[in-house]
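Examination of the molecular architecture
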Amino acid sequence: MSASSPPAPPPETSQLNYWNSENAVAYYSYDHRPVFLYYPELRLLGMFQDRWPQMRVLDIGVGAGRTTQYFAELAGTYVGIDFSQGMVDRCQQRFAGRWPGASFQQGDATDLHQHADNSYDLVLFSFNGVDCMSPEKREMALKEMQRVCKPGGWVVFSSHNVYSIPLIPKFEIHPHPMRFLEEARRWWSVKQKNPPVEQVMTTPYVRYYDATIGDNYLIFSRPEVQARDLQALGFTEVRRYANNDGRELITDQDGQHPSVSWVYYFCRKQS
Ligand SMILES: C[S@@+](CC[C@H](N)C(=O)[O-])C[C@H]1O[C@@H](n2cnc3c(N)ncnc32)[C@H](O)[C@@H]1O
């Protein structure tokens, strides 16, 4: 840092600035791309098959509403929250009046005081939103998600997999010149901002820069450690699913593979 450059903002402010930026809101609006659910999220459709009209869903880190278009359509009550006011405004603008049971509000996953204990059948935090916070804040958020979930209900979230880190600094050759340049930029910034892979992967929760959310670092987790931590929080059932193909990761070894880039955790609160 030069003598004249301003000090870097604290991580939370920098994250929030990114998620409030026009670029981030536009990217997560998927305006020119088809909307989709990830494989493990598709499982949710069948899991609550005949119960959707009675379901109360809290969709945390809703972004610009990728998941809203599926779950607000089905659920009796759907509440989308995000700590970025920009994302919440976008959802309100896109979905105003579309579903009578749907609403959106600004809110931080680490403090869900506006939501009562035992009030939602499904508490979802999709697309690795929990990786935007420190391990301590992740635990606070998971406890809050557990608190607002009904007994017997489900808390579902995803997180980047530590075991996929070795693939991130690999350079992919693209025939298209613009894509090649973008890939070169990504590769260079990942190399610059992280220590060598062998050094970085030594802790259960790893702080890593993968060049996907501005200048911000993310927290990658080890699936077997995350699952044990969830059991320690008191969830009675913890299932793990690979995001890349949706398969259930039954053994610890199943999740310890670089091709499993993220893992979805389905956690059941005690009835
Ligand atoms: C990768 S985006 C995913 C958005 C959306 N769920 C999707 O799948 O397109 C992560 C979202 O989590 C939100 N987020 C991050 N930390 C949060 C927190 N502590 N509380 C609430 N939202 C948060 C961000 O603002 C962002 O909209």
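Residues numbered from 1 in each chain as written. Predicted model: local features only at pLDDT ≥ 70, side-chain atom pairs only at ≥ 80, totals over all residues.

Looking now at the overall build of the protein. Of the regular secondary structure elements, the protein holds nine helices and nine strands. For the protein, whose C-alpha radius of gyration is 19 Å, the value lies close to the compact-globule estimate of 18 Å for 271 residues. In terms of its C-alpha atoms, the protein occupies a principal-axis envelope of roughly 55 × 45 × 40 Å. Split into buried and exposed, the 271 residues of the protein put 37% on the buried side. Intrachain contacts of the protein at a sequence separation of at least 6 include 65% that bridge at least 24 residues. (Helix = DSSP H or I, 4+ residues; strand = E, 2+ residues; numbered from the N terminus. Rg over C-alpha atoms; globule rule 2.2 N^0.38 Å. Buried ≥ 20, exposed ≤ 12 C-beta atoms within 10 Å, placed from the backbone. Contact = placed C-beta atoms within 7 Å.)

Moving on: the site of the ligand. Near the ligand lie 21 residues; those nearest to it are Trp19, Gly61, Gly63, Phe127 and Gly129. A breakdown of the residues in the shell around the ligand according to their chemical character gives ten nonpolar, eight polar and three charged. (Near = placed C-beta within 6 Å. Nonpolar A, V, L, I, M, F, W, Y, C, P; charged D, E, K, R; others polar.)

Among the residues of helix α9 (residues 223-232), those classed as buried are Pro223, Gln226, Ala227, Asp229 and Leu230. End-on, the buried residues of α9 take up no more than an arc of 160°, which puts them together on one face. Looking at α9, the residues exposed on the side facing more than 90 degrees away from the buried face are Gln231 and Ala232. As for α9, its buried residues are in contact with β5 (149-160), β7 (218-221), β8 (237-242) and β9 (262-268). (Arc of directions from axis to C-beta.)

Take the nonpolar core next. Core analysis: the biggest nonpolar cluster contains 56 residues, and Val123 and Val156 have the highest contact counts within it. If you tally residues by element for this core, the top one is β9, at six residues. Sequence-distant contacts of Val123, that is, excluding residues within four places in its chain, are made with Leu58, Ile60, Met145, Val148, Cys149 and Val155. (Core = buried A, V, L, I, M, F, W, Y, C linked by C-beta atoms within 7 Å.)

Assigned domains within the protein: domain 1 (11-163 + 222-268) and domain 2 (165-208). In this structure, domain 1 and domain 2 have C-alpha centres spaced 26 Å apart. Of the residues that constitute the side of domain 1 that touches domain 2, the class distribution is four nonpolar, no polar and one charged. (Domains from an automatic or database assignment.)

Glancing now at the environment of Phe220. Looking at the element boundaries, Phe220 is found in strand β7. For Phe220, a count of 26 C-beta atoms within 10 Å translates into the label buried. C-alpha separation for the pair Phe220 and Arg51, spaced 169 residues apart in sequence, amounts to 33 Å. Leave out the neighbours within four places in its chain, and Phe220 touches Asp131, His160, Asn161, Val162, Ile165, Val206 and Tyr208.

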